[in-house]
Structure formats: C-alpha cells, structure tokens
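# Summary of the model geometry
Residues per chain are reported as follows:
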Amino acid sequence: DLMVDDQMMFPKEFREKYIMSKTLGRFLTELCSCFSGACGEVKLAFEKSTCNKVAVKIINKRKFVASGLTDANPALNINTEIEILKKIDHPCLIKIKNFFEAEDYYIVLELMEGGELYDRVSRPIKMKEDTCKLYFYQMLLAVKVHNRSVTCWGALNYLHDNGIIHRDLKPENVLLSSSEEICLIKITDFGQSKILGEASLMKTLCGTPMYLAPEVLNSLGTAGYSRAVDCWSLGVILFVCLCGYPPFNEQNTQLSLKDQITHGKYTFIAKEWKHVSDMALDLVKKLLVVDPSKRLTTEEALEHPWLQDEDMKTTFQQLLAQTCTNMSPPETSKMPTTTRKRLHENEEEYGS
Ligand SMILES: NC(=O)c1ccc2nc(-c3ccc(Oc4cccc(O)c4)cc3)[nH]c2c1
C-alpha cells in the first residue's frame, strides 16, 4: 500500500476525496502498446466520505503524446471513453463514479471484487460449462445493449438508433462482481470503442459517385458490419472459458497468428473439449466465422439453443435482484464534464 507521502503524487482535488492504495493491474492500449511499459494502470483506492473501495484507472498522458500518433488523438480517445462511461447504465457495464484530469487522467470506477476474468481463465482448473454460460449470457446482454439502445431496465437515451462498438473485448476487460463463481460480470475499458455515426454512407450515395473513391464503393458490401468485431471477440472469449486455451496462438507453428485468424483456423485439442457439450461448441463455431456477414449477431447468439437455459437466466435475475436491494439510489451525476468537444459523429460505415 502507499504511504502518506506517496499520496502527494496524485492531484490535490483527487487526494481530497480518495486515498490511493495498491496497483490492481496494468494495461496497454493500441496507441501505446508499441511503447515500452504500460500506458495505464488500475489502482485500488478508498473513498474518504464513505470508506468504500473504488478502482481508479490512471491513463498516462505522456505515453500517449510520446507515441506521436497524432491522428488517433488520445485526448479524443479518452473523451470517447468518458462520454460512453457517463452515458451507459446497465447491470453488465462498469459504472463511472468520478473523473479528474491533471498530469494524467484519473477515472474513478466501481470496484469489482472478483477481479478480471483473465485471472479465472488462467487458472489450471477449467471453469464449469454452466459458469461459462452464466458469464457469456451477461456479456451478450451487455454488448447487445451497445448495439441496441434498449436495456432490460428500459430504453436508454444515449445515441438512439446508433450503437457503441467496444472493439477490445478480452478476458482482461470482463470484471467479476465477487470471488464467488456464481456472480455478475461487467464489461469495462471503452478506450478503443467507437460510437457509430448515423449512416453517412447512405447520405453519400444520394449524390453522384463521380468523385467518390473506389474504397467507398467497395465498402458497400461490408458496411454496417463493424459491430460484428465484438461478436468475434466474444467467440474467442467463450472458446477460452470452455477449454482453457486460446483458439489462435503463437505456439501453433504451421500458420502465423495473423493467418490463423484471417483464415479462421483455430486449434482444436480434442481432449480439452471432450467434457464440453456439442451445443456450446456449436455456438463457438458460429461466432468464429471469418465473414462478418455470416457471423452470429448478439441477438442471434442469445437465441442459440445453448443459452435457452431457464435455470441460468433465473440465477442471473436473482443476482441482479440482490444488487438492486443493496444498491444506493442513483445520485444525480455531478461529475465534471469533459472539456474537449467530442469528435463529429464519425463515418463508421466506411469500415474505418
Ligand atoms: N481496463 C479497465 O478499464 C479496467 C477498469 C476497472 C478495473 N478493475 C480492475 C480490477 C478490479 C479488482 C481486482 O482485484 C481485486 C479483487 C478484490 C478486491 C480487490 O481489492 C482487488 C483486479 C482488477 N481491473 C480493471 C480494468
């Protein structure tokens, strides 16, 4: 844990409200993974007013600037992350509690006492199939909410008919609410997310294509499938949860990792799958489809036979009910708004 004088390294306005403690994890994002050392870390902290534990995600500004990737402006990246965090409200999506900008960015989030799914799937003992199903069902509900602006708790008024694509779904970004095996999960880390703009491609096609670049016309076939990237990632996560090893990995010598993925050539080790039901494997196979237009959507996955399991859904509802009973009424959000103007609704349809 940090000593008193270690607290001095954090901004004054932050120190007034929180006492920082140990590091819980470090993360790299695309922007600075090319640079040595993490560009961010998540620390445990204590809220002075309530003594509650919180998670504080510290995003290192300098690492971003050093990367010099001017087009992918990190400040806008962080803005998108904060805007999304402030708008989403779903039991399977992480909640933001506060935000500070100083030398670095400080995002105060609810603490998920179960830690990251990554640590569960890394254990030698594989997860039971029913546990995988309970977790995966919640991941689908969370991502589905992203793609549709309606939650199980009513319509959300963020980006009405547009969705949010996470784009970085992995076991490190799936958090568990408790150390119990049967628990709620929440998706986190919207640092790579994209907010879908209105279908600007349709507008572009109203005019003459006389000056239109070929790649725009070629993108017609794949337009509107960018959200399918999350379904692929969910397929990889489900694969790892069920059998304990990743479908695409460097150990495989025949094909490079890139070729394995682009050709959908996953490694199937029969002995690791013999205790897994055919239905579970069938769902994995229908998510790990190279052609995004043929890949299952979140809605289709929720209709898959493997997830028609009333006991699992009852368990989920009971876990939810427990949180509603011991949940404080939502306070009006008095969080500081982010300063910079958000990006213009970008042209997702170009498959950028
Ligand atoms: N990448 C993110 O955007 C992000 C955002 C929020 C996160 N919270 C954790 C996390 C939380 C708890 C952990 O262990 C425990 C478990 C129980 C008690 C405890 O003190 C710590 C480990 C990691 N990891 C996070 C990542």
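Everything below is about the structure printed above this text.
Remember, predicted model here, so these are calculated numbers, not experimental data.

## Quick look at the pattern of salt bridges
Counted under the stated rule, the structure contains 18 salt bridges. Here Asp104 makes a salt bridge to Arg62, at a shortest N to O gap of 3.5 Å. Here Asp104, found in the loop between β4 (96-101) and β5 (105-110), pairs with Arg62, found in helix α3 (residues 61-67); they are 42 residues apart in sequence, far enough to count as distant. Of the residues examined, Asp104 reaches a relative accessible area of 10% and is grouped as buried. Exposure remark for Arg62: the relative accessible area of 48% places this residue in the partly exposed category.

## Considerations on the site of the ligand
Taken together, 14 residues lie near the ligand, and Lys57, Met112, Glu113, Glu116 and Thr188 sit nearest. Measuring from an oxygen atom of the ligand, one finds a side-chain N or O atom of Thr188 at 3.3 Å. Asp189 places a polar side-chain atom, nitrogen or oxygen, 3.4 Å from a nitrogen atom of the ligand. Here the ligand loses 88% of its free accessible area of 560 Å² to cover by the protein chains. Residue assignment for the shell around the ligand shows that the elements contributing at least two residues are β2 (40-47) and β6 (115-116).

## Section: a nonpolar patch on the surface
On the surface, a cluster of nonpolar side chains totalling about 320 Å² of accessible area is made up of Met202, Leu205, Leu217 and Leu220. Take Leu220: it is sitting in the loop between α8 (214-218) and α9 (228-243).

## Remarks on unusual backbone geometry
A negative phi holds for most residues other than glycine; trans holds for most peptide bonds. A positive phi angle, near 65°, is found at Cys51, a position not held by glycine. With a phi close to 65°, Asp189 is a non-glycine residue in the positive phi region. Mapped onto the elements, Asp189 comes out in the loop between β11 (185-187) and β12 (194-195). For Asp189, a relative accessible area of 8% corresponds to the buried category.

Calculation notes
- Residues numbered from 1 in each chain as written.
- Predicted model: local features only at pLDDT ≥ 70, side-chain atom pairs only at ≥ 80, totals over all residues.
- Heavy atoms only, no water.
- Salt bridge = Lys/Arg side-chain N within 4 Å of Asp/Glu carboxyl O.
- Helix = DSSP H or I, 4+ residues; strand = E, 2+ residues; numbered from the N terminus.
- Buried < 20%, exposed > 50% of the residue type's maximum accessible area, 1.4 Å probe, protein only.
- Near = heavy atom within 4 Å.
- Polar contact = N/O pair within 3.5 Å; in protein donor to acceptor, adjacent residues only side chain to side chain.
- Areas by Shrake-Rupley, 256 points an atom, 1.4 Å probe, with all protein chains shown as cover.
- Patch = residues over 30% accessible without salt bridge, like charges linked within 9 Å, V, L, I, M, F, W, Y side chains within 5 Å.

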